[in-house]
Amino acid sequence: LTGKGERRIQLRLDPLPQTGVAEAAGRQAYHLDARLEAYRLDVGEDAVTITASAVDGLRHGVQTLRQLLGDDRGAAGIPGVRIHDSPRLPWRGSLLDVGRWYQPVDYLYRYVESLAAHKLNRLHLHLTEDQGWRLEIRRYPELTRVGAWRSESPAGHADQARGDGRPHGGFYTQQELRDLVEFARRRGVVVVPEIDLPGHVTAAVAAYPALGNATQPIPVSTRWGIHTSVLNVEPATVAFVDDVLSEVLEVFPSPWIHIGGDECPTTEWESSPRVQAWLAERGLAAGGFGERGEHGASAVQDWYSQHLVAFLTERGRVPIVWDEAATEALPQHVLVMAWRDEQHGLDAAARGHQVIMTPQQRSYFDWYQSQAPDEPLAIGGLTTLADVYDYDVRAGAEDESVRDRIIGSQGQLWGEYLPSPERVDYMAFPRLCALAERAWGAMTGPATERAAADFQHRLAVHRPSGSDSPLG
Ligand code: NAG
């Protein structure tokens, strides 16, 4: 380590002051107590010692040591330092949408390593979409035999109506996902699966038409955008959802399971006599649709949320939903991801939910990162590196209890225009570096000029040597 002699590296599990190990009993509490991720790193004459109250802290200490060693792996020695370090937010995540485009398993492993290197601790895997169902469900083989494949993909932005004529597909076996989950666990990353319900289900309905409301079978979607295909309310469909989730729970030990709930149009429900009758039986018919905004939750969606929440809660898991599903009817213990904007997150926190801030304007890394003419095709608007680095997820939370309920930050990589691992990397970095630093560091409010300049300096190590591109 010094270039002259040898120094021992020792890792010590030893309660650091103020880390409250004893208080954090239970799986979920453990994972939401940022103090347990704290570590101390001492580089002394004879030894390098990392001390932490829990294994996650040791892992972070090792990552910091790796960073101190730099590219030349310590040939020049590392300075004597003592570092006390701990994260600001307990949930520091990254969403990867493998529904729109299948990404190879090898890449998922590499991606997890990148997350761990940035001290991020959640990989939110978005596994099901209108354009593809990506996880094996033993009881419903058609989900992957049919639902994992589409006949073609959109050819490009300008021409949504045109397809590229090339079939695309792929899925992960349960064993592949179990192995990934274990690999991630050993690096301090919890893999949180999302099964998006009751909208975004075109691929599932293509596989099993009886799940939907249409009279004709439909294909796995070959176009992007919001789809009208949603689950129906038949008992067999509810049983299907329970069966799928049961298998999901077997594969993913995560304390949290994401059940989607975004963009669920009511068009089909409104014109379905079966759904009308079902609503009437429950006294819900009047005003059951669309009164909460364009794609806001309806009475049917509320019913689905409540059913799914009860199912998961009875099995000891904590559900997560997108903010459209966070209506008055949603039980308070459900976590909410606020994607439409920060205000939806602040409102949910005010109603008692724990909130992970995922606002599109600040954390959608599928949006353009610059206005350079040679930027590859992307979706949505512009989210620059500075927009990400400037963002404090607790901004606007005046009340202390609201602020404390904002427990996390997460960057989203929606897949429409990310057809390859190279493209995912290109969009993820360096914006994910900025998000990781803000989620960990103590700075509050917008970034100071000095902090932003320091950050730019730290980013330099990510650039291939010789490259002066600001995006590396
Ligand atoms: C939204 C959709 C998502 C899509 C993305 C594109 C959410 C929660 N839903 O329209 O499926 O890929 O934005 O930026 O983000």
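For the structure itself, consult the block above.
Only a predicted model underlies this, so the values are computations on that prediction, with no experimental measurement involved. (Residues numbered from 1 in each chain as written. Predicted model: local features only at pLDDT ≥ 70, side-chain atom pairs only at ≥ 80, totals over all residues. Heavy atoms only, no water.)

Chemist: Any chance you could explain the environment of D392 here in plain terms?
Modeler: Looking at where D392 falls in the secondary structure, it is placed in the loop between α13 (385-390) and α14 (400-405). Not counting chain neighbours up to four residues away, the residues in contact with D392 comprise R88, R438, T444 and G445. Only 3.0 Å separates the side chain of D392 from the side chain of R88, close enough to count as a polar contact. (Helix = DSSP H or I, 4+ residues; strand = E, 2+ residues; numbered from the N terminus. Contact = heavy atoms within 4.5 Å. Polar contact = N/O pair within 3.5 Å; in protein donor to acceptor, adjacent residues only side chain to side chain.)

Chemist: Any chance you could explain the pattern of salt bridges here in plain terms?
Modeler: Pairs can form between side chains of opposite charge once their charged atoms are near each other. Counting across every chain of the model gives 25 salt bridges. For E234, the salt bridge is made with R274, and the minimal N-O distance between the two is 2.6 Å. With E234 in the loop between α6 (202-207) and α7 (235-251) and R274 in helix α9 (residues 273-281), this pair connects stretches of sequence that are 40 residues apart. Note on R274: relative accessible area 55%, which makes it exposed. Residue R340 is joined to D323 by a salt bridge in which the shortest nitrogen-to-oxygen separation is 2.5 Å. (Salt bridge = Lys/Arg side-chain N within 4 Å of Asp/Glu carboxyl O. Buried < 20%, exposed > 50% of the residue type's maximum accessible area, 1.4 Å probe, protein only.)

Chemist: Mind showing me how you'd approach the site of the ligand here?
Modeler: Near the ligand the following residues occur: R100, E129, H200, D262, E263, W322, W339, Y364, D366, I379, W414 and E416. Within the contact set of the ligand, an oxygen atom lies 2.8 Å away from a side-chain nitrogen or oxygen of R100. Between D262 and the ligand, the recorded distance is 2.8 Å, taken from a side-chain N or O atom to a nitrogen atom. When the ligand is considered free in solution it has 370 Å² of accessible area, and contact with the protein chains removes 91% of it. When its residues are assigned to classes, the shell around the ligand shows 5 nonpolar, 1 polar and 6 charged. (Near = heavy atom within 4 Å. Areas by Shrake-Rupley, 256 points an atom, 1.4 Å probe, with all protein chains shown as cover. Nonpolar A, V, L, I, M, F, W, Y, C, P; charged D, E, K, R; others polar.)

Chemist: Got a minute to help me understand the pairing of strand β18 (residues 406-413) in this structure?
Modeler: Working note: regular strand, side chains alternate between the two faces of the sheet. Among the 8 residues that make up β18, 8 are buried, leaving the element largely enclosed by the rest of the structure. Sheet topology note: the strand β5 (residues 91-97)/β18 ladder contains 6 bridges and is parallel. Counted as the bridge partner of S94 is G411 from β18. Taken together, the 3 bridges between strand β15 (residues 355-357) and β18 define a ladder with parallel strand orientation. Within β18, the residue paired with V355 across the bridge is I406. (Pairing = 2+ DSSP bridges.)

Chemist: Help me understand the packing of helix α16 (residues 431-440) against helix α17 (residues 449-459) in this model?
Modeler: When two helices pack together, their arrangement is given by the angle between their axes and by how far apart the axes lie. Their axes nearest at 11 Å, the elements α16 and α17 cross at an angle of 125 degrees. In terms of their interaxial angle, α16 and α17 are classed as oblique. For α16 against α17, the interelement crossing comes out right-handed. Along the contact surface, α16 presents C433, A434 and E437, while α17 presents F455, R458 and L459. (Axes fitted to C-alpha atoms, helices over the stretch in contact; angles between N-to-C directions. Parallel < 35°, antiparallel > 145°, perpendicular 65-115°, else oblique. Left-handed = near helix turned anticlockwise from the far one by under 90°.)

Chemist: Looking at this structure, I do not really get the sheet that holds β15. What am I missing?
Modeler: In any sheet, the strands associate via hydrogen bonds between backbone groups, in a parallel or an antiparallel arrangement. Read once around its circumference, the closed barrel built from 8 strands follows the order β5-β6-β11-β12-β13-β14-β15-β18, with strand pairing classed as parallel. Neighbouring strand axes in the sheet, compared pairwise and without regard to direction, differ in orientation by 30 degrees on average. Across 3 bridges, the pairing between strand β14 (residues 335-338) and β15 is parallel. Bridge pairing links V336 to V355 in β15.

Chemist: Would you explain the side chain of T327 in this entry?
Modeler: Note that T327 resides in the loop between β13 (318-322) and β14. The buried category is assigned to T327, whose relative accessible area is 7%. Only 2.9 Å separates the side chain of T327 from the side chain of D302, close enough to count as a polar contact.

Chemist: Just checking my understanding: could you explain unusual backbone geometry for this structure?
Modeler: For residues that are not glycine, phi is negative in most cases, and the peptide bond is trans in most cases. Of the consecutive residues L197 and P198, the connecting peptide bond is found in the cis state with omega at -10 degrees. Among the secondary structure elements, P198 is positioned in the loop between β11 (190-197) and α6. In the Ramachandran plot, H200 falls in the positive-phi region, its phi being about 55 degrees despite a non-glycine side chain. Among the secondary structure elements, H200 is positioned in the loop between β11 and α6. Its identity as a non-glycine residue notwithstanding, E263 has a phi of 40 degrees, on the positive side. Considering the arrangement of structural elements, one finds E263 in the loop between β12 (256-260) and α8 (267-271).

Chemist: Just checking my understanding: could you explain the packing of aromatic side chains for this structure?
Modeler: Each aromatic ring pair is described using two quantities: the centre-to-centre distance and the angle formed by the ring planes. Tallied over the full model, the rule gives 16 aromatic pairs. The interplanar angle of 75 degrees and the centroid separation of 5.0 Å between the aromatic rings of W91 and W256 together place this pair among those described as edge-to-face. You can see W91 sitting in strand β5 and its partner W256 sitting in strand β12, a full 165 residues away along the chain. In this structure W256 comes out as buried when scored by relative accessible area, which is 0%. Ring plane angle 85 degrees and centroid distance 5.5 Å describe the contact between Y140 and Y208, whose orientation is recorded as edge-to-face. Here Y140, found in the loop between β8 (132-133) and α4 (142-145), pairs with Y208, found in the loop between α6 and α7; they are 68 residues apart in sequence, far enough to count as distant. With relative accessibility at 16%, the residue Y140 sits in the buried group. Taken together through their ring pairs, the aromatic side chains of W322, W339, Y364, W367 and W414 make up a single cluster. Positioned over the ring face of W440 is K119, at 5.7 Å from the centre of the ring. The ring of F311 carries R315 above its face, with NZ or CZ at 3.6 Å from the centroid. (Phe/Tyr/Trp six-rings, centres within 6.5 Å; stacked < 30°, edge-to-face > 60°. Lys NZ or Arg CZ within 6 Å of the ring centre and 35° of its normal.)

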